[in-house]
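Examination of the molecular architecture
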Amino acid sequence: MIKALPLLDKNVLVPRSREQAQSFSKLVEEYGGIPVEIPLIAFRPLEKNQYFEACLSRLERYDWIIFTSNTTVETFFSFVKAEAKLPKIAVIGKRTEAALKEKAVPVEFVPSVYVAETFVEEFNPYVHEGARVLLPKGNLARDYIGLSLAKAGAEVDEVVIYENYLPEESRRKLAEALSRRQLDILTFTSPSTVDHLMAVVRENGLLEQLNGCIIGCIGPVTEKRLREYGLPIHVSPKQYTVKEMLKSLAEFLEEQGPSLTDAIGQKKR
C-alpha cells in the first residue's frame, strides 16, 4: 500500500513574492499539498534616496556591509555593480549568502543561527572601536543590530533602501480565500507577513475563519508576533528555513493522524 503524502489535498498559503514563491510551492507539492500563492509581502526601492547615495559615494570608507535578507542584496546591487570595490560582507541566513554567491561576492561572516541576537553576539568580536559599518535594510526592519553594534563602539550607518508593502491584489485574494475557508495551512516567514494577513482579517471581520487553520512559522520574532495576535503556533522549527518549516508541518500532521484531517475537511464544508 502506498503511503499517503502528509499534506495531501491541503491548501497551503504561500506568502512569498512571485519571484520567491516557486521553490516554496514546489516543496509544498512534494509533500502532496496544494500551494496557494498570495504574496503577503512585496518590495520596492525607495526613490530619490539621497542618504543611500551619500553612503555609496563613500563606500570605500566602510569596514563592513551587513546584509540581512536576499531582498536587501538584490536592491543594493540594483544601484551598485557587483564588481565594485566592496568592504567585507556579513550576512544573516543561507539565502542571503546564496544571493551574494550568485553575484560572485565573497562573504566573510555568517552566524551559526540566523537571528539578529545571535548575529550580534557572534559578530561583536569582529567589531573594533570606530569600525565603520553600512547596514542597508527595509522600512520595517528591526533596529536591534544597528543599536547593538553602536553600543559596541562601531560607527553604523543604517539606511532604508526599500519599502515593504501588501499588494492590493493580494489583499483581495486573501480576503476571498479566507471568507470561503479555502486555506488549511497558513505559513508565515516574517513578522510582516503576520501583520499584513491580520490587517486583512480585521478589515473584513474574518477572525473566525482562522479557526481550524494549521499555523507554521519561521523564527522567534515571527513566533512572537503571532502570539501578540493571540494566534496558535503549531510548528516553529529550530532551523529557520522554509524547507524545515514544511518538513515540520508534514511531521505534525502525521502525528495528529486522521482526526485532524477530518477536522480540516469539516472546516471546508
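Notes on the structure follow. (Residues numbered from 1 in each chain as written. Predicted model: local features only at pLDDT ≥ 70, side-chain atom pairs only at ≥ 80, totals over all residues. Heavy atoms only, no water.)

Quick look at the packing of aromatic side chains
The final tally for this structure, using the stated rule, is 13 aromatic pairs. Taken together through their ring pairs, the aromatic side chains of Phe 52, Phe 67, Phe 76, Phe 77 and Phe 79 make up a single cluster. When the ring centre of Tyr 165 is taken as reference, the NZ or CZ atom of Arg 44 above it lies at 3.7 Å. (Phe/Tyr/Trp six-rings, centres within 6.5 Å; stacked < 30°, edge-to-face > 60°. Lys NZ or Arg CZ within 6 Å of the ring centre and 35° of its normal.)

Section: the pairing of strand β8 (residues 185-188)
In β8, alternate side chains face the same way, and those of Ile 185 and Thr 187 on one face and Leu 186 and Phe 188 on the other are all buried. Pairing between β8 and strand β9 (residues 214-217): 4 bridges, direction parallel. Paired with Thr 187 across the two strands is Gly 216, which belongs to β9. (Buried < 20%, exposed > 50% of the residue type's maximum accessible area, 1.4 Å probe, protein only. Helix = DSSP H or I, 4+ residues; strand = E, 2+ residues; numbered from the N terminus. Pairing = 2+ DSSP bridges.)

What to know about the packing of helix α8 (residues 191-204) against helix α9 (residues 220-228)
Contact geometry for α8 and α9: axes closest at 8 Å, N-to-C directions at 25°. One way to sum up the angle between α8 and α9 is to call them roughly parallel. Side by side, α8 and α9 meet where Pro 191, Val 194 and Asp 195 of the first sit next to Val 221, Thr 222, Arg 225 and Leu 226 of the second. Of the residues assigned to the contact of α8 with α9, the class counts are 4 nonpolar, 1 polar and 2 charged. (Axes fitted to C-alpha atoms, helices over the stretch in contact; angles between N-to-C directions. Parallel < 35°, antiparallel > 145°, perpendicular 65-115°, else oblique. Contact = heavy atoms within 4.5 Å. Nonpolar A, V, L, I, M, F, W, Y, C, P; charged D, E, K, R; others polar.)

Considerations on helix α1 (residues 18-30)
In this model, α1 (13 residues) spans 19 Å end to end at C-alpha, consistent with the 18 Å of a helix rising 1.5 Å per residue. For α1, the elements touching its buried residues are β1 (11-14), β2 (34-37), α3 (70-76), α4 (94-102), β8 and α10 (242-256). Phi turns positive, to about 90°, at Gly 32, one or two residues after α1. (Expected span 1.5 Å × (residues − 1).)

Some points on the pattern of salt bridges
Tallying each qualifying case throughout the model produces 16 salt bridges. Here Arg 44 ties to Glu 163 by a salt bridge, and the two come within 2.7 Å at their closest N and O atoms. Note that Arg 44 is positioned in strand β3 (residues 42-45) and Glu 163 in strand β7 (residues 155-165), a separation of 119 residues in sequence. Judged by relative accessible area, Glu 163 falls into the partly exposed class, the value being 26%. Where Arg 181 meets Glu 208, a salt bridge forms, and the shortest distance between an N and an O atom there is 3.9 Å. With Arg 181 in the loop between α7 (168-179) and β8 and Glu 208 in the loop between α8 and β9, the pair connects residues that are 27 residues apart, well separated along the chain. For Glu 208, a relative accessible area of 53% corresponds to the exposed category. One salt-bridge network, held together by shared partners, links Lys 137, Asp 143 and Glu 158. (Salt bridge = Lys/Arg side-chain N within 4 Å of Asp/Glu carboxyl O.)

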